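Remarks on the overall topology
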Amino acid sequence: MASFALHGLAVSPGIAIGHAHLVSHATLEVAHYTLREREVPREIERFEEALASVRADLAALRAEAGAPGSPTELAALVNVHAMFLEDPLLAEAPKTLIRERRCNAEWALVQQMNELVAQFEDIDDSYLRERKHDIVQVVERILRALMGKPRKFGRKAGEKEERELIVVAHDLSPADTIQFKNLKIAGFVTDLGGATSHTAIVARSLAIPAVVGLHHARPLIREDDLIIIDGTRGVLIVAPDERVLEEYRLRRRELELERSKLKRLITARATTLDDVDVTLMANIELPQDIEQVKKVGADGVGLFRTEFLFMNRDTLPSEDEQYEAYRQVARAMGGKPVTIRTLDIGADKTAGALGAYRQAPNPALGLRAIRYCLAEPQLFLAQLRAILRASHFGKVQILVPMLAHAHEIEQTLGMIELAKHELRERRCKFDEAIAVGGMIEIPASALALGPFLKHLQFLSIGTNDLIQYTLAIDRTDESVAHLYDPLHPAVLRLIAHVIQTAQKAEMPVAVCGELAGDPAMTRLLLGMGLRQFSMHPAQLLAVKQQIVMADTEQLSAKVTRLLRMEEPERIREQVERL
Ligand code: PEP
Ligand code: MG
């Protein structure tokens, strides 16, 4: 096979060399094979067993949907799925196909799904037409049951496998990517995706090289092809020759060496040359990430993205299950701050158990994060009680995402009070003085900080969304990724304004978006006055290295001048020179 290279977005640095493992959504590609006559009855039985197992899952979900704390939409969603499951086109017709054409159950089912979806596409009523997504979801459930296991990638950590695996996919959701945490994967590449999509963020947290936005890589790569990912330069090389392989092996060794040199900074204080102390915190997605947080000596957890606890499952995590997860982190951090962000579901972060928001016309502008939580008070209260209970075991603080309106802040604080009241009634212990902070990630909140300063105890700037909403660029869309510019003067001025306003008001302020973990931005943020950074643990030592070599007084003067500039090229040049 001839070697070729493709260019995409570099989202997680490093070099990976391994064999391609093609991954696709269950319904996009199922095997098609012919059965022998005598295999037909067993295949029909296999299909019926899969239906029965999905029926049982839906019955369990229905029971769960009635429980307090479940979103009201869940019950409706389960009923719709149960109805489609019994539709003769899905439940009966595949059996006829298996019998008559002697094809496997998966293939028969997908043929019937296509027919049913086509019927729905012809419906004029847009609400009914959209139900085709439910049909696909039901079929995916049956396909998973047919495969005998839920959708999983790769090999479990610890399983014997000498070859490195590189996942190649058209697209991966954050829910897909988070599963890599328990699997041994050397890297991944996708056709779609933007640099600050949550898929890319999870890749960085796994510290595995990744390139996204490759457009048409997947159809060009075959299972098992030898590939190289250069996650620093955004390059994918397929079927490299021995000379190229040797070159990349050498580069990989050099990078590993650089990384291991950084380890000497683990115990060093993050203090600048002019003696300014900087706090370096970690972003986590799951309690298991704490191990890495402790290894790099972080000052605490600045962002716990709790929505990942809600993904890849059919039911919601109960209050007790959440409490266990939050308590585990609080305890492990032994008195260091643990900032638990309330559920930020929506946009590219979806969770099957939460249902209908996925069909919103524009999910990034829809019922996301705190908007969703305030619309689902029982679910929100369950999470708040879980966080509060965990606060008895460490220095926990609550961070609220996507706030923009004063009334949202007031309503949220009202809910926290209610959760506290319920716990007092239950005689549960919690930290009465728990700090509550707000994410600044919508331009409106950055420009109108008054209610934040008045009602909250700390701020955390979410640069990923702040850039997305300021520039009107979908952070997950590779076709506009070249316009997603953290150094746009409007973005820089908003960030600097928030930092400086908060400091004047003596309110602690951090940056927890991806900008905080980019060593090329550390000096810029220091010059704006930032003293608290939160990032993936894998980036923390590289950022610390920048800090110990910086002089904040000098940086502050240079950044003040830079903030007045309009020319993108000049700004870029100055940031590089800082
Ligand atoms: C952000 O928007 O910068 C942020 C930290 O939150 P998330 O990436 O989870 O949206
Ligand atoms: Mg955000």
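To be clear, the structure that these remarks concern was listed above.
A brief look at the structure comes next. One numbering rule holds for all chains: residues counted from 1, following each sequence as written. Each chain is given a letter, starting from A, and each ligand a number, starting from 1, according to the order in which they appear as written. Local features in this predicted model are restricted to residues of pLDDT 70 or higher, and side-chain atom pairs are both shown and tallied only at a pLDDT of 80 or more, whereas totals for entire chains, interfaces and linings draw on every residue. To obtain the side-chain values, all non-hydrogen atoms of the structure were included, while hydrogens and water were left out.

Secondary structure counts use DSSP, requiring at least four H or I residues in a row for a helix and at least two E residues in a row for a strand, with both numbered from the N terminus. Among the secondary structure elements, Ala207 is positioned in the loop between α9 (198–206) and β6 (210–212). For the pair Ala207 and Met281, spaced 74 residues apart in sequence, the C-alpha separation works out to 17 Å.

Another point: the coordination of the magnesium ion (ligand 2). Metal coordination angles have textbook ideals: 109.5 degrees for a tetrahedral set of four donors and 90 or 180 degrees for an octahedral set of six. Think of the donor list as every N, O and S atom within 2.8 Å of the metal, or within 3.2 Å for Na, K and Ca; water never makes the list, so a site can look incomplete. Binding of the magnesium ion (ligand 2) to the protein goes through Glu441 (OE) and Asp465 (OD), at separations of 2.0 to 2.1 Å. Here Asp465 lies in helix α19 (residues 463–471) and Glu441 lies in the loop between β13 (435–440) and α17 (443–447), a separation of 24 residues in the sequence. Asp465 sits in the buried class, given a relative accessible area of 3%. When accessible area is computed with a 1.4 Å probe and restricted to protein chains, residues below 20% of their type maximum are described as buried, those above 50% as exposed, and intermediate ones as partly exposed.

Strand order in the open sheet made by the eight strands is β1-β8-β7-β3-β4-β5-β6-β2, with mixed pairing throughout. The outermost strands of the open sheet, each flanked by one partner alone, are β1 (4–7) and β2 (9–12). Taking each pair of neighbouring strands and ignoring which way they run, the sheet shows an average axis angle of 30°. By the convention used here, strands pair only if DSSP detects at least 2 bridges between them. Relative to β6, strand β5 (residues 187–190) runs parallel, the two sharing two bridges. Only the contacting stretch of a helix is used when fitting its axis, a line to C-alpha atoms as for every element, and angles between N-to-C directions run 0 to 180 degrees.

With that settled, the discussion passes to the side chain of Asp191. Position of Asp191 relative to the elements: it lies in the loop between β5 and α9. For the buried Asp191, no salt bridge exists, and the shortest N-O distance to an oppositely charged side chain is 6.4 Å, to Arg218. Reaching out from Asp191, the side chain makes a polar contact with the side chain of His170 at a distance of 2.9 Å. A 3.5 Å cut-off defines polar contacts: any pair of N or O atoms within that distance qualifies, except that in protein one atom must be a possible hydrogen donor and the other a possible acceptor, and neighbouring residues in sequence count only when both atoms are side-chain atoms. Polar side-chain contacts of Asp191 include one of 3.1 Å to the backbone nitrogen of Arg218. We call two residues in contact when some of their heavy atoms are within 4.5 Å. Leave out the neighbours within four places in its chain, and Asp191 touches Ala169, His170, Gly213, Leu214, His215, His216, Ala217, Arg218, Pro219 and Glu478. We treat Lys and Arg as the positive residues and Asp and Glu as the negative residues; His and chain ends play no part in the count. Between Lys or Arg on one side and Asp or Glu on the other, a salt bridge is scored when a side-chain nitrogen of the former is within 4 Å of a carboxyl oxygen of the latter.

Here we come to empty space enclosed by the protein. Which parts of space are left empty comes out when a probe the size of a water molecule is rolled across the atoms. Computed over the protein atoms alone on a 1 Å grid, cavities are sets of points where a 1.4 Å probe fits but cannot get out and pockets are open sets with protein on both sides within 12 Å along at least five of seven lines; a residue lines them when it has an atom within 4 Å of a point. Grid points are joined across faces, edges and corners, and a volume is the space filled by probe spheres set on the points. Going through the model one piece at a time under the given rule, you end up with two cavities of 30 Å³ or more. Space inside the largest cavity adds up to approximately 60 Å³. What lines the largest cavity is a set of 14 residues, among which Arg305, Arg341, Met439, Glu441 and Asn464 lie closest to the centre. Mapped by element, the contributors of at least two residues to the lining of the largest cavity are β10 (301–305) and α19. Along the lines of polarity and charge, the residues of the lining of the largest cavity split into three nonpolar, four polar and seven charged. Note that Gly is not counted as nonpolar here; it falls among the polar residues with everything else outside the nonpolar set of Ala, Val, Leu, Ile, Met, Phe, Trp, Tyr, Cys and Pro and the charged set of Asp, Glu, Lys and Arg.

This paragraph deals with the site of ligand 1. Residues are labelled near a given molecule or strand when at least one of their non-hydrogen atoms is within 4 Å of it. Residues in contact with ligand 1 amount to 17 residues; listed here are only the nearest, Arg305, Arg341, Gly462, Asn464 and Arg475. At 2.8 Å, a side-chain N or O of Arg341 approaches an oxygen atom of ligand 1. Taking Glu441, its side chain carries an N or O atom lying 3.0 Å from an oxygen atom of ligand 1. Areas reported here follow the Shrake-Rupley algorithm with a probe of radius 1.4 Å; residue values treat only the protein chains shown as occluding. Starting from 290 Å² of accessible surface for ligand 1 in isolation, the protein chains cover 100%. Comparing atom positions with the cavity grids shows ligand 1 to sit within the largest cavity. Molecule-in-pocket calls rest on the fraction of atoms, with more than half required to lie within 2 Å of the cavity or pocket grid points.

Attention now goes to the environment of Met415. Within the element layout of this structure, Met415 appears in helix α16 (residues 406–425). Sequence separation between Met415 and Pro377 is 38 residues, and the spatial gap between their C-alpha atoms is 8.0 Å. Excluding residues within four positions of it along the chain, Met415 makes contact with Leu374, Pro377, Phe380, Leu381 and Leu384.

So, about the side chain of Gln468. For Gln468, the position within the fold is in helix α19. Once you skip the residues sitting within four places of it in the chain, Gln468 turns out to touch Ala364, Arg368, Ile473, Asp474, Arg475 and Tyr484.

This next bit is on the pairing of β10. The two faces of the sheet receive side chains in turn, since in a regular strand these alternate between them. Among the five residues that make up β10, five are buried, leaving the element largely enclosed by the rest of the structure. Pairing between strand β9 (residues 279–284) and β10: three bridges, direction parallel. Considered in β10, the bridge of Ile284 is made with Phe304. Look down the strands so they point away from you; if going from the first strand over the helix to the second traces a clockwise path, that crossover is right-handed. Once you follow β9 into helix α12 (residues 290–295) and on to β10, the crossover reads as right-handed.

Here we take up helix α15 (residues 377–390). The terminal C-alpha atoms of α15 lie 20 Å apart, and with 14 residues this matches the ideal 20 Å at 1.5 Å per residue to within 8%. Burial analysis of α15 places 12 of its 14 residues in the buried class, the great majority of the element. Three or more residues of α15 are buried, namely Leu379, Phe380, Leu381, Ala382, Gln383, Leu384, Arg385, Ala386, Ile387, Leu388, Arg389 and Ala390. Buried residues along α15 sit against α13 (319–332), β11 (337–341), α14 (370–375), β12 (395–400) and α16. A helix is expected to span 1.5 Å for every residue after the first.

Right, let's get into the pattern of salt bridges. Within this structure, the stated rule accounts for 37 salt bridges. Glu246 serves as the salt-bridge partner of Arg249, at 3.2 Å between the closest nitrogen and oxygen. Placement of both Arg249 and Glu246 in helix α11 (residues 242–262) is noted, with a separation of three residues, approximately one turn of the helix. When its relative accessible area of 26% is taken as the criterion, Arg249 is described as partly exposed. Among the residues examined, Glu246 registers a relative accessible area of 38% and is labelled partly exposed. Measuring nitrogen to oxygen at the nearest pair gives 2.7 Å for the salt bridge that ties Lys349 to Glu307. Of this pair, Lys349 sits in the loop between β11 and α14 while Glu307 is found in the loop between β10 and α13, placing the two residues 42 residues apart along the sequence. Here the salt bridges share partners, and the residues they tie into one network are Glu307, Arg341, Asp344, Lys349, Arg368, Asp465 and Arg475.

Here we take up the nonpolar core. For the purposes of this section, nonpolar cores are sets of buried Ala, Val, Leu, Ile, Met, Phe, Trp, Tyr and Cys residues that join through side-chain atoms within 4.5 Å. Ranked by size, the top nonpolar core spans 127 residues in total, and within it Leu524, Met528 and Phe533 carry the most contacts. Residues contacting Leu524, with those up to four places away along its chain left out, are Leu487, Leu492, Val559, Leu562, Val575 and Leu578.

Another aspect to go through is helix α5 (residues 105–121). For an α-helix, 3.6 residues make a turn, and residues three or four places apart therefore share a direction. Its 17 residues place the ends of α5 24 Å apart at the C-alpha level, agreeing with the 24 Å of an ideal helix rising 1.5 Å per residue. Every buried residue belonging to α5 is among Ala105, Glu106, Trp107, Ala108, Leu109, Val110, Gln112, Met113, Leu116, Val117 and Phe120, and all of these are buried.

For the rest of this paragraph, the subject is the packing of aromatic side chains. Side-chain rings of Phe, Tyr and Trp (the six-membered ring for Trp) are treated as a pair once their centres are within 6.5 Å; stacked means planes under 30 degrees apart, edge-to-face means over 60, and tilted covers the remaining angles. Throughout the structure, instances matching the rule amount to three aromatic pairs. A centroid spacing of 5.7 Å and a plane angle of 70° characterise the contact between Phe84 and Phe120, whose relative ring orientation is edge-to-face. Here Phe120 lies in helix α5 and Phe84 lies in helix α2 (residues 72–85), a separation of 36 residues in the sequence. Owing to a relative accessible area of 4%, Phe84 belongs among the buried residues under this scheme. The buried category is assigned to Phe120, whose relative accessible area is 14%. Relative to Tyr326, the ring of Phe304 lies with its centre 5.8 Å away and its plane at 85°, an arrangement referred to as edge-to-face. With Phe304 in strand β10 and Tyr326 in helix α13, this pair connects stretches of sequence that are 22 residues apart. In our convention, an over-ring charge means Lys NZ or Arg CZ found within 6 Å of a ring centre and within 35 degrees of that ring's normal. In this structure, Arg327 is placed above the aromatic ring of Phe393, and the distance from its NZ or CZ to the ring centre is 5.2 Å.

Any functional reading would require information that these geometric values do not contain.
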